[in-house]
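Examining the three-dimensional arrangement
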Amino acid sequence: MTMPRLTLFAVILTFGTGAVDAAAYIRLGGVFSSVMTGNLVLAGYAISSTTLSMALHTAVAFAGYIMGTALGTRIAGRPRPDEPIWPDRVTTTLAVELVVIACFSVGWEMTGGNPAIFAEHVLLALSALAMGMQSAAMRGLGGHAALSTTYLTGTLTGVVAALLTPRDGTRFDLRGMAMLAALTGGAACGTTLIAVAPSLFPAIPLSTLTLVVVAARITGPTGAGAG
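Cut-offs applied
Residues numbered from 1 in each chain as written. Predicted model: local features only at pLDDT ≥ 70, side-chain atom pairs only at ≥ 80, totals over all residues. Heavy atoms only, no water. Helix = DSSP H or I, 4+ residues; strand = E, 2+ residues; numbered from the N terminus. Rg over C-alpha atoms; globule rule 2.2 N^0.38 Å. Buried < 20%, exposed > 50% of the residue type's maximum accessible area, 1.4 Å probe, protein only. Contact = heavy atoms within 4.5 Å. Areas by Shrake-Rupley, 256 points an atom, 1.4 Å probe, with all protein chains shown as cover. Lys, Arg positive; Asp, Glu negative; His and termini not counted. Charge placed at Lys NZ, Arg CZ, Asp CG, Glu CD. Axes fitted to C-alpha atoms, helices over the stretch in contact; angles between N-to-C directions. Parallel < 35°, antiparallel > 145°, perpendicular 65-115°, else oblique. Left-handed = near helix turned anticlockwise from the far one by under 90°. Nonpolar A, V, L, I, M, F, W, Y, C, P; charged D, E, K, R; others polar. Phe/Tyr/Trp six-rings, centres within 6.5 Å; stacked < 30°, edge-to-face > 60°. Salt bridge = Lys/Arg side-chain N within 4 Å of Asp/Glu carboxyl O. Core = buried A, V, L, I, M, F, W, Y, C linked by side-chain atoms within 4.5 Å.

With respect to the overall build of the chain
Each helix and strand in the chain was counted, giving 8 helices and 0 strands. Going from N to C terminus, the chain has its helices and strands arranged as α-α-α-α-α-α-α-α. For the chain, whose C-alpha radius of gyration is 17 Å, the value lies close to the compact-globule estimate of 17 Å for 227 residues. Expressed as lengths along the three principal axes of its C-alpha atoms, the size of the chain is roughly 50 × 40 × 35 Å. Considering the chain as a whole, with its 227 residues, one finds that 47% of them fall into the buried category. Within the chain, counting contacts between residues at least 6 apart in sequence, those at least 24 apart form 74% of the total. About 10500 Å² of surface is accessible on the chain, with carbon and sulfur atoms providing 72% of the total. Counting 11 positive and 9 negative side-chain charges, the chain places the averaged centre of each group 5 Å from the other.

Some thoughts on the packing of helix α1 (residues 3–27) against helix α5 (residues 117–139)
Think of two packed helices as two axes; the pair is described by the angle between the axes and how far apart they sit. Viewed as axis vectors pointing N to C, α1 and α5 meet at an angle of 155°, and their least axial separation amounts to 11 Å. As the angle between them shows, α1 and α5 are arranged roughly antiparallel. Of the two possible hands of crossing, α1 and α5 adopt the one that is left-handed. The segment α1 lies against α5, with L13, T17, V20, A24 and R27 engaging E120, L124, S127, M131, Q134 and M138. The class makeup of the residues in the contact of α1 with α5 is 6 nonpolar, 3 polar and 2 charged.

Points about unusual backbone geometry
You will see that T50, though not glycine, has its phi angle at about 50°, which is positive. Relative to the helices and strands, T50 is located in the loop between α2 (36–49) and α3 (52–76). Residue T50 is classed as exposed on the basis of its relative accessible area of 70%.

Considering the packing of aromatic side chains
Per the stated rule, a full pass over the model turns up 4 aromatic pairs. Their ring planes at 20° and their centres at 5.5 Å tell us that Y25 and F32 sit as a pair that is stacked. In this structure F32 comes out as partly exposed when scored by relative accessible area, which is 25%. Between the aromatic rings of W108 and F201, the centroid separation amounts to 5.0 Å while the plane-to-plane angle is 40°, which identifies the pairing as tilted. With W108 in helix α4 (residues 88–110) and F201 in the loop between α7 (174–196) and α8 (203–219), this residue pair connects regions lying 93 residues apart in the sequence. In terms of burial, W108 and F201 fall into one category: buried. Here the aromatic cluster, defined as three or more aromatic residues joined through ring pairs, consists of F104, W108 and F201.

Digging into the side chain of E120
When you line up the elements, E120 lands in helix α5. Comment: no salt bridge for buried E120; closest opposite-charge side chain is R27, at 8.3 Å. If sequence neighbours within four positions are ignored, E120 has contacts with R27, L28, G29, H57 and P115.

A short note on the nonpolar core
If you look at the biggest cluster of nonpolar residues, it comprises 51 residues, and the most contacted ones within it are W86, L94, M138, L141 and F201. Breaking this core down by element, the ones donating at least two residues are α1, α2, α3, α4, α5, α7 and α8. Counting residues per element, this core draws most heavily on α1, at 10 residues. Aside from chain neighbours lying at most four places away, what touches L94 is L13, W86, Q134, A137, M138, L209, V212 and V213.

Structure representation (structure tokens):
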């Protein structure tokens, strides 16, 4: 796998992440499925203001994400610099995540995209589980190519740093900029579908994950560790 293809896969996955986080914030308790640092702030607010509902939602999101990270790490394993950039085990992890997102989609459709309190917690747990698995999968990339398609504060930092300290004549972190744009675009598209056609919302995370898993299976674990 070449670096441009890796970037394309990362951008597609990040688009889906933006949509899932938007759904969690809008319909699943005002918390995030992937941004656990943001949820820490919300947990602090919930504790100080004794807001039980938000405290429960952040706890569910944390539990789901931790379980997803643990499961994803067991499947994806540790990154190794001497292996292909995108090993088969990364694709396998994303395929298992796709099953979780499919379960989330069934629950979303059953509730009409507006779940009651119990279903809300279940869907939040599933979405956080999926995001934790995706985070672990990306950490399993080989050849020092690890990147994140879920938490992107570091990506934003890299984009700014590239602008201020260019190396080898490169002033722009194009991958980082594309991923930040994808996150915003995914959130915007997800929000729009939730507002006008909530039953269609699951098409975003389902299609993005399916596209990457299928394309990765077709291309195979090719490419040297350095790309």
